[in-house]
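Architecture at a glance
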Amino acid sequence: MKGGFLSLHTLSLSLVVLYSQSFLLDLFTDSSFPRLKELNLNACFGLKQLKVSCLVLEELTLENCFQLHALDVTGTKLKRLRVASCFDAYCDKSWVKINAPSLRIMVWEYNAINENSSLENLISVHEASIGFFVLHEDASVAQRVSNLLSGLSRAHCLTLESKCIEMLSSKNNIANLMHPFSNLKSLELQTGLNKHNVPGLAYLFKSSPTINTLILTIVNDYKIERRKWNKDLWDMPTSEEEQFWESQTQTLKSFLNHLSIVKIHGFLECENEVSLAKFLLKHGKALQGMTLFSGHCKYRDSLRRKKIRSQMMGFLRASSNAKIAFL
């Protein structure tokens, strides 16, 4: 592009029709926008390939570009990236490439899963939030998710929505290695916390060997029946979930030795929730506090929950400093 916008600092484009020019590969370059620091693109209809390589760009937001097949972002000063509701879910060759050594915050939500993801030089990432729109699942989907997450291995704070957990729980994916999050201190997960996605949780715990804070938000799927905690057999590992977690003790040793704060939202004292809490209390040697947030319930259920809470206060604790709070 000749001439360009030599003094422009911020550019926002919305509801742009690009069917006649679906490839924007030489528009957002340093020569065209030498001073551009913020770029926002929303609902660019027909856009299939986008390349952004403005050297002083600090913030890039891309939303509602549903026909996108390829995204290439390069920026030595890019600090914040948000991509939401993008990519063609029916395209089996979509790809993304990001090279941003100064990137601090990355938000990637409700996007179709790319065939190939190349996240390079993300050495400064502090916060990352990842979620996907999944049209259909197959054996390769879980590995594609792992590939993208591996590019965020240096993140300090990571948030994953429930679909990520489900896909990482795939039997086809557990054996595949994901780079450990060696710098991760805070892990926030949305999960249905049922027997089908428990392996994905364990996989993420194993990949987060030095985290301090774990935040779980339990997403209730009312189509799936959730078993109540058997309060009469609370001192024995009788359920499948309890047996599974106990089998992971050695594998999760580093995770359990560093974890200090646990917060669980949507805690309803069901079997899978209590089993996980019991495991973390029993083996979390550095645990300082566990806060369990639950919603309102019927009077009859409240009596049952009070009994379970009373039993939980008596669970074995590896840390003498571990405190339990119900809110």
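Located above this text is the structure these notes cover.
A closer look at the environment of Q49
- Along the chain, Q49 falls in strand 4 (residues 49–53).
- When the C-alpha positions of Q49 and V96 are compared, they lie 9.9 Å apart, and in sequence the two are 47 residues distant.

What about the packing of aromatic side chains?
- Tallied over the entire structure, the rule returns 7 aromatic pairs.
- Ring geometry for F87 against W108: centres 5.8 Å apart, planes inclined by 35°, an arrangement best described as tilted. Separated by 21 residues along the polypeptide, F87 in the loop between strand 7 (80–84) and strand 8 (95–99) and W108 in strand 9 (residues 105–112) bring together distant segments of the chain.
- Note on F205 and W245: the rings are 5.8 Å apart at their centroids and 25° apart in plane angle, and the pair reads as stacked.

Quick word on the side chain of T61
- Mapped onto the fold, T61 is located in strand 5 (residues 59–63).
- Residue classification places T61 among the buried residues on the basis of a relative accessible area of 11%.
- Within the structure, the side chain of T61 is placed 3.4 Å from the side chain of N40, a separation counted as a polar contact.
- In this view, T61 contacts L39, N40, L41 and R82; residues no more than four positions away in its chain are not counted.

Some thoughts on the sheet that holds strand 3 (residues 38–45)
- If you trace the 12 strands from one edge of the open sheet to the other, you get 1-3-5-7-9-11-12-13-14-15-16-17, paired in parallel fashion. The open sheet has two edge strands with one neighbour each: strand 1 (10–17) and strand 17 (323–326). Between one strand axis and the next, the sheet turns through 10° on average, direction left out of account.
- The strands touched by helix 1 (residues 141–150) within the sheet are strand 9, strand 11 (127–133) and strand 12 (157–160), with strand 11 carrying the most contacts at an inclination of about 165°.

Some details on the pattern of salt bridges
- In the structure shown here, the tally under the stated rule is 7 salt bridges.
- With a shortest N-O distance of 3.1 Å, E242 and K278 are connected by a salt bridge. Residue E242 is found in helix 4 (residues 240–247), and its partner K278 is found in helix 6 (residues 271–283); the two are separated by 36 residues along the sequence. With respect to burial, E242 and K278 carry one shared label: buried.
- The salt bridge partner of R309 is E269, with a shortest N-O separation of 3.0 Å. Pair noted here: R309 is in helix 7 (residues 299–312) and E269 is in the loop between strand 15 (261–265) and helix 6, with a separation of 40 residues, a long-range link.
- According to the relative accessible area criterion, E269 is buried, its value standing at 0%.

Describing the sheet that holds strand 8
- Strand order across the open sheet formed by 5 strands is 2-4-6-8-10, with parallel pairing between neighbours. Of all the strands in the sheet, just strand 2 (23–29) and strand 10 (116–120) have a single pairing partner and so form its edges. The mean inter-strand angle of the sheet, taken between neighbouring strand axes irrespective of direction, is 5°.
- Both strand 6 (residues 70–74) and strand 8 contribute to a ladder of 5 bridges, which runs parallel. When the bridges of strand 8 are listed, V73 appears paired with I98.

Rules of the game
Residues numbered from 1 in each chain as written. Predicted model: local features only at pLDDT ≥ 70, side-chain atom pairs only at ≥ 80, totals over all residues. Heavy atoms only, no water. Helix = DSSP H or I, 4+ residues; strand = E, 2+ residues; numbered from the N terminus. Phe/Tyr/Trp six-rings, centres within 6.5 Å; stacked < 30°, edge-to-face > 60°. Buried < 20%, exposed > 50% of the residue type's maximum accessible area, 1.4 Å probe, protein only. Polar contact = N/O pair within 3.5 Å; in protein donor to acceptor, adjacent residues only side chain to side chain. Contact = heavy atoms within 4.5 Å. Pairing = 2+ DSSP bridges. Axes fitted to C-alpha atoms, helices over the stretch in contact; angles between N-to-C directions. Salt bridge = Lys/Arg side-chain N within 4 Å of Asp/Glu carboxyl O.

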